[in-house]
Amino acid sequence: MAATADRDDPETIGRRVQQLRAERGLTQKQLAEQAYTPAYISTVEAGRVRASEDALKHIAARLGVAYEELATGRPAHLAVDLRLRLTDAQRTLATGEAGPAAESYAALLAEAEAHGLVAEQATALLGLGECGLDTGDLTVARQYFERAENVLHDAPLTARAPALRGRAVAHYLAGELRYACYLLESTLDELNRGGLHDPDVLLLLYASAIAPYMDMGAHARAAKAAELALALAPQVADPALVARMHRQVARTLMAEGRVAEADASLAKAAELYRGLQIRTELANCHWMRGYLYAQNGELERAEGELREALTMHTGRNAALYSSQVAVELADVLHRLGRSEEAATLLRDVLGNLSPERGAVHAAAAHRLLGIIAEDARDPETAEEHYVRALSLLERAGAAGDLADLCRLLGDLLRRTGRVEAALDAYRTGLGHRTVPGTTTLGPAPAQPPL
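Please read these numbers as outputs of a predicted model, since none were measured by experiment.

Conventions used here
Residues numbered from 1 in each chain as written. Predicted model: local features only at pLDDT ≥ 70, side-chain atom pairs only at ≥ 80, totals over all residues. Heavy atoms only, no water. Axes fitted to C-alpha atoms, helices over the stretch in contact; angles between N-to-C directions. Helix = DSSP H or I, 4+ residues; strand = E, 2+ residues; numbered from the N terminus. Parallel < 35°, antiparallel > 145°, perpendicular 65-115°, else oblique. Left-handed = near helix turned anticlockwise from the far one by under 90°. Contact = heavy atoms within 4.5 Å. Expected span 1.5 Å × (residues − 1). Buried < 20%, exposed > 50% of the residue type's maximum accessible area, 1.4 Å probe, protein only. UniProt positions renumbered as here; feature names shortened; annotations may be inferred. Nonpolar A, V, L, I, M, F, W, Y, C, P; charged D, E, K, R; others polar. Core = buried A, V, L, I, M, F, W, Y, C linked by side-chain atoms within 4.5 Å. Domains from an automatic or database assignment. Polar contact = N/O pair within 3.5 Å; in protein donor to acceptor, adjacent residues only side chain to side chain. pLDDT = per-residue confidence, 0-100. Phe/Tyr/Trp six-rings, centres within 6.5 Å; stacked < 30°, edge-to-face > 60°. Lys NZ or Arg CZ within 6 Å of the ring centre and 35° of its normal. Arc of directions from axis to C-beta.

J.: Summarise the packing of helix α21 (residues 359-375) against helix α23 (residues 399-415); cite the residues concerned and give the values.
T.: With their axes 12 Å apart at the nearest point, α21 and α23 run at an angle of 25° to one another. Taken together, the axis directions place α21 and α23 in an arrangement best described as roughly parallel. Judged by the twist between their axes, the crossing of α21 over α23 is left-handed. Each of Val360, Arg367, Ile371 and Glu374 in α21 lies in contact with α23, whose residues at this interface are Asp401, Asp404, Leu405, Leu408, Leu412 and Arg415.

Shown next as structure tokens:
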């Protein structure tokens, strides 16, 4: 049935048979013998009959071409060759060469479109989307993921889920946390309610939901997503997917104070990525370990891990990720007493961050610059940075960070004698702290039948 559905229409096949027969100097009688009649070949060439699979195989053998080429117009083994080259492009991206990978994916996309290979088109579009995430071109990445969804509009949700996840990650990196959660949760809900229990797809989505949940302050949902991801992991064979899960789960373990377990989870992820030679994700493991050590007060170790991550991301021109790592490195430098070095680093990277590109880290940069300004007894500059950070976090909906920033701003306003303004800032912070993450998220999605 699949082969029949993939065929061209009878008229197109008929013209192809007629052209190939003429090129080979065969008559209709020669093409027909010995299983069919010349009259039947005539009706096939005229497009008046839809030839059976057996008939097309007979005609293809007489013409000396592959059945697939006769039925679809595609050279034999083209799809297999394209898939192999798509794997090569994926390997190029994994080593951190997003530019060359994007060039390969674009060429393969054009080839897949020319021959009507839907699955290969979608794979190339997903690859181009991942290249966009890697380089920080979030609008372009989102457009490629949307195109992949459109190409697969007739496919099951399990096939479309990676494109939906890519779009959610693009929105998350742009600072649109609520919408990222909505995309992931609605997809999970539809999969689970529909009984579409695909462990690979579910693990991909649950692992991707952890970061936006954490940034929104929805720690309970992040912990639940981590729990479900860990339960699904034994059913998943893809080591890259399992590694991604371990890296994301580490965030929830950190939030619960389970430092040793978080470190072990990151070590597992790093080991898998090292074996797979996926440099992009290996750099992110160094980044996450730096964050872990910073949270645990091991500042020298944190600096080493973050500098390693920064070097790896800078080396592959990943401007957005480099800027985000630099913000966290600046925080460590400030805590080590090197505030001037931290401030210089922050000013250098702020140009790569904006409300539409890394909003949460842009807010973190302004917050830290505000603290450094306060330490230098420059309350006006400090207030300016705090207000800019507040605007970025309100737009993103990062509840936990908002509450902490409102405390900082309130303390500054109180010290400068503006008590009413300070109270307003405190009230705003309390409002975000009261029910973190629940004011912008609906009911939790249905759970898989584990």
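Now that the structure is up, let's keep going.
J.: For helix α17 (residues 279-295), give the residues involved together with the corresponding values.
T.: In this model α17 runs 24 Å from its N-terminal to its C-terminal C-alpha over 17 residues, within 8% of the 24 Å that 1.5 Å per residue would give. Among the 17 residues of α17, 14 are classified as buried, and the element is accordingly described as predominantly covered. One or two positions beyond α17, positive phi appears at Gly297, with a value near 80°.

J.: Talk me through the UniProt feature "domain: HTH cro/C1-type" (unreviewed entry) in the chain; I want residue IDs and the actual numbers.
T.: The residues that UniProt annotates with the feature "domain: HTH cro/C1-type" (unreviewed entry) are residues 17-70. Its end C-alpha atoms 7 Å apart, residues 17-70 is made of 65% helix and 0% strand.

J.: Pulling in residues and values, what's your account of the packing of helix α13 (residues 199-216) against helix α15 (residues 239-255)?
T.: Where α13 contacts α15, the axes come no closer than 9 Å and their chain directions differ by 30°. What the angle tells us is that α13 and α15 run roughly parallel. Crossing of α13 against α15: the hand is left-handed. Residue-level contacts link Asp200, Leu203, Leu204, Ala207, Ile210, Ala211, Met214 and Asp215 of α13 to Leu241, Val242, Arg244, Met245, Gln248, Val249, Arg251, Thr252 and Ala255 of α15. Residues belonging to the contact of α13 with α15 are distributed by class as follows: eleven nonpolar, two polar and four charged.

J.: Tell me about the nonpolar core, residues and numbers included.
T.: Membership of the largest hydrophobic core comes to 105 residues, with the highest contact counts inside it found for Leu133, Leu173, Tyr206, Met245 and Tyr386. Of the residues forming this core, the biggest block, 13 residues, is contributed by α13. Residues from two domains meet in this core; each of domain 2 (82-155) and domain 3 (346-433) gives at least three. Residues within four places of Leu133 in sequence aside, it is in contact with Leu138, Ala141, Phe145, Gly166, Val169, Ala170, Leu173 and Tyr321. Counting 19 residues, the second-largest nonpolar core is a separate cluster that includes Ala89, Leu93, Leu128 and Ala148.

J.: Mind laying out the side chain of His313, listing which residues take part and the relevant values?
T.: Assignment of secondary structure puts His313 in helix α18 (residues 299-315). Taking the relative accessible area as the measure of exposure, His313 reaches 0% and is therefore buried. Separated by 2.9 Å, the side chains of His313 and Asn284 make a polar contact. Discounting residues that sit within four places of it in the chain, His313 has contacts with Thr280, Ala283, Asn284, Trp287, Ala318, Tyr321, Ser322 and Val325.

J.: Outline unusual backbone geometry, supporting the account with residue identities and numerical values.
T.: Between Glu33 and the following residue, Gln34, the backbone shows a cis peptide bond with an omega angle of 5°. Assignment of secondary structure puts Gln34 in the loop between α3 (28-32) and α4 (38-45). A positive phi angle is found at Gln277, which is not glycine, with a value near 60°. Overall, the relative accessible area of 59% leaves Gln277 in the exposed class. Positive phi values are uncommon outside glycine, yet Arg377 reaches one of about 60°. Following the sequence through the fold, Arg377 ends up in the loop between α21 and α22 (379-396).

J.: Which residues make up the confidence of the model for the chain, and what values go with them?
T.: Taken over all residues, the pLDDT of the chain has a mean of 90, while the share at 70 or more is 96%. Contacts from residues 1-5, a stretch scored under 50 in pLDDT, to residues over four places away or in other chains number three contacts. Below pLDDT 50 for its whole length, residues 434-440 participates in ten contacts with residues either more than four positions away or in separate chains.

J.: Help me get a handle on the packing of aromatic side chains, residues and values and all.
T.: Tallying each qualifying case throughout the model produces three aromatic pairs. One cation-aromatic arrangement involves Arg301 over Tyr293; the distance from NZ or CZ to the ring centre is 4.1 Å.

J.: Can you lay out helix α16 (residues 259-276) for me, pointing to particular residues and giving the numbers?
T.: Residues three or four positions apart in an α-helix share a direction because the helix packs 3.6 residues into each turn. The end-to-end C-alpha separation of α16 is 26 Å, in line with the 26 Å expected for 18 residues at 1.5 Å each. Restricting attention to buried positions, one finds in α16 the residues Ala262, Asp263, Ser265, Leu266, Ala269, Ala270 and Tyr273. The arc that holds the buried residues of α16, viewed along the axis, is 160°, so those residues lie on one side. Facing away from the buried side of α16 by more than 90 degrees, the exposed set consists of Ala260, Glu271 and Gly275. Lining the buried residues of α16 we find α15 and α17. A positive phi of about 60° marks Gln277, the residue just after α16.

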